[in-house]
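One-letter residues, chain by chain:
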Amino acid sequence: MASNDPPPAKRAKTLREGRLENKVVFITAAAQGIGRASVLACAKEGAHVIATDVNAEKLAELQGTEGITTDVLDVTDSDAVKKMADKYPDVNVLFNCAGYVHQGTILECDEDKLDFSYKLNVKSMYYTLNAFLPQMIARKNGSVINMSSVCSSILGVVNRCAYSTTKAAVIGLTKSIAADYVRDGIRCNYICPGAVQTPSLESRIEALGKTMGSIDEARQFFIARQKIGRVGKPEEVAAIVVYLASEESAFVTGAEFLIDGGWSLH
């Protein structure tokens, strides 16, 4: 080691600072939960983050934060998604975070609910991928991160028919993109969380609490599924997003990132 080199521990810390410098990261469902945590984590690592959400009021809370640009977007509107790709032609990281959790069995899921689940959980990714992949391919560089779930082809979960069906489709879509474009410099991976402390989870706890007769009992139900003894934190999922967005994951594509507190352990 040269005399002017920093000690190994200090050098390692330096290399990890600004891991996303010169990256333009486009994130959907960015106003709350995992999306919001990912926006903040990526910006902290030096990325220019385009934070989008259909909820303009919540999205506005991110305005004024260094490294973050906010833009209202309905990801189920294909024309709106195309306009976003035209507006931001330098995106090299796409995090498809938008999703919807329908509760119920197949007999409790009518066609409208199934169609909405498919449109938000799967077709929105079809729209963003069609819009942003060409610019990534042209630069021979791009990382796509898709939000799936442990409730998918990984684990059968009661009362999650439409959700599990569509999240399993996300896994198939991700692997297809990874296989088709690996020679074009595109990486595509998927994250499968268990229960994570988000506004979405809180609404499900509240709904279950009405059935059980107790919010606390409903909360314990969700906690008990995670063998580690708690639900996840949005920041813990965001840490995986940062890794997949960075060059640290340059050799990773078509891969599953399971973060479920041991729920899927048998």
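All values reported here derive from a predicted model rather than from experimental measurement.

Each value, and the rule that gives it
Residues numbered from 1 in each chain as written. Predicted model: local features only at pLDDT ≥ 70, side-chain atom pairs only at ≥ 80, totals over all residues. Heavy atoms only, no water. Helix = DSSP H or I, 4+ residues; strand = E, 2+ residues; numbered from the N terminus. Rg over C-alpha atoms; globule rule 2.2 N^0.38 Å. Buried < 20%, exposed > 50% of the residue type's maximum accessible area, 1.4 Å probe, protein only. Contact = heavy atoms within 4.5 Å. Areas by Shrake-Rupley, 256 points an atom, 1.4 Å probe, with all protein chains shown as cover. Lys, Arg positive; Asp, Glu negative; His and termini not counted. Charge placed at Lys NZ, Arg CZ, Asp CG, Glu CD. pLDDT = per-residue confidence, 0-100. Axes fitted to C-alpha atoms, helices over the stretch in contact; angles between N-to-C directions. Parallel < 35°, antiparallel > 145°, perpendicular 65-115°, else oblique. Left-handed = near helix turned anticlockwise from the far one by under 90°. Nonpolar A, V, L, I, M, F, W, Y, C, P; charged D, E, K, R; others polar. Phe/Tyr/Trp six-rings, centres within 6.5 Å; stacked < 30°, edge-to-face > 60°. Pairing = 2+ DSSP bridges.

A closer look at the overall build of the chain
Assigned secondary structure in the chain consists of nine helices and seven strands. Relative to its length of 266 residues, the chain is compact, with a C-alpha radius of gyration of 19 Å against a globular reference of 18 Å. The proportion of buried residues among the 266 residues of the chain is 48%. When contacts within the chain are restricted to residue pairs at least 6 apart in sequence, those whose partners lie at least 24 apart make up 68%. As displayed, the chain has an accessible area near 13100 Å², and 53% of this comes from carbon and sulfur atoms. Between the centroid of the 29 positive side chains of the chain and the centroid of its 31 negative side chains there is a distance of 5 Å.

Here we look at the confidence of the model for the chain
Regions with low pLDDT carry predicted coordinates that are not meant to be interpreted in detail. Per-residue pLDDT for the chain has a mean of 91; in total, 94% of the residues score no lower than 70. Here residues 5–16 is a poorly scored stretch, pLDDT under 50, and it has six contacts once near neighbours within four places are set aside; other chains count.

Considering the packing of helix α2 (residues 33–44) against helix α9 (residues 234–245)
Relative orientation of the contacting elements α2 and α9 amounts to 55°, with a least axis distance of 8 Å. The angle between α2 and α9 places the two elements in the oblique class. With respect to the hand of their crossing, α2 and α9 are arranged in right-handed fashion. When α2 is examined against α9, the residues Gly 33, Ile 34, Ala 37, Ser 38, Ala 41 and Cys 42 are found in contact with a partner set consisting of Pro 234, Glu 235, Val 237, Ala 238, Val 241 and Val 242. Looking at the contact of α2 with α9 residue by residue, the class counts come to nine nonpolar, two polar and one charged.

Here we look at the packing of aromatic side chains
For the structure shown, the criterion picks out six aromatic pairs. Ring centres of Phe 26 and Phe 132 lie 4.6 Å apart, and the angle between their planes is 45°; on these two criteria the pair is classed as tilted. Taken together, the residues Phe 26 in strand β1 (residues 24–27) and Phe 132 in helix α5 (residues 111–139) connect sequence positions 106 residues apart. Pairwise contacts between aromatic rings join Phe 26, Tyr 88 and Phe 132 into one cluster.

Notes on the packing of helix α7 (residues 199–212) against helix α8 (residues 215–225)
Interhelical geometry of α7 versus α8 gives an angle of 120° and a closest axis separation of 7 Å. Taken together, the axis directions place α7 and α8 in an arrangement best described as oblique. Seen from above, α7 lies across α8 with right-handed handedness. Of the residues in α8, those touching α7 at Leu 201, Glu 202, Arg 204, Ile 205, Glu 206, Leu 208, Gly 209 and Met 212 are Ile 215, Glu 217, Ala 218, Arg 219, Phe 221 and Phe 222. Tallied by class, residues from the contact of α7 with α8 come to eight nonpolar, one polar and five charged.

Some details on the side chain of Thr 174
Here Thr 174 lies in helix α6 (residues 161–181). Look at Thr 174 and you get buried, because its relative accessible area is 0%. Filtering out sequence-adjacent residues up to four positions away, Thr 174 remains in contact with Asn 146, Cys 188, Asn 189 and Tyr 190.

Re the sheet that holds β1
Across the sheet, which stays open at both edges, the seven strands sit in the order β3-β2-β1-β4-β5-β6-β7 with parallel pairing between neighbours. What marks the edges here is a single partner per strand, and that holds for β3 (68–72) and β7 (256–259). Here the average twist between neighbouring strands, direction ignored, is 15°. In this structure, strand β2 (residues 48–53) lies alongside β3, joined through five bridges in parallel fashion. Across the sheet, residue Ala 51 finds its bridge partner in β3, namely Thr 70.

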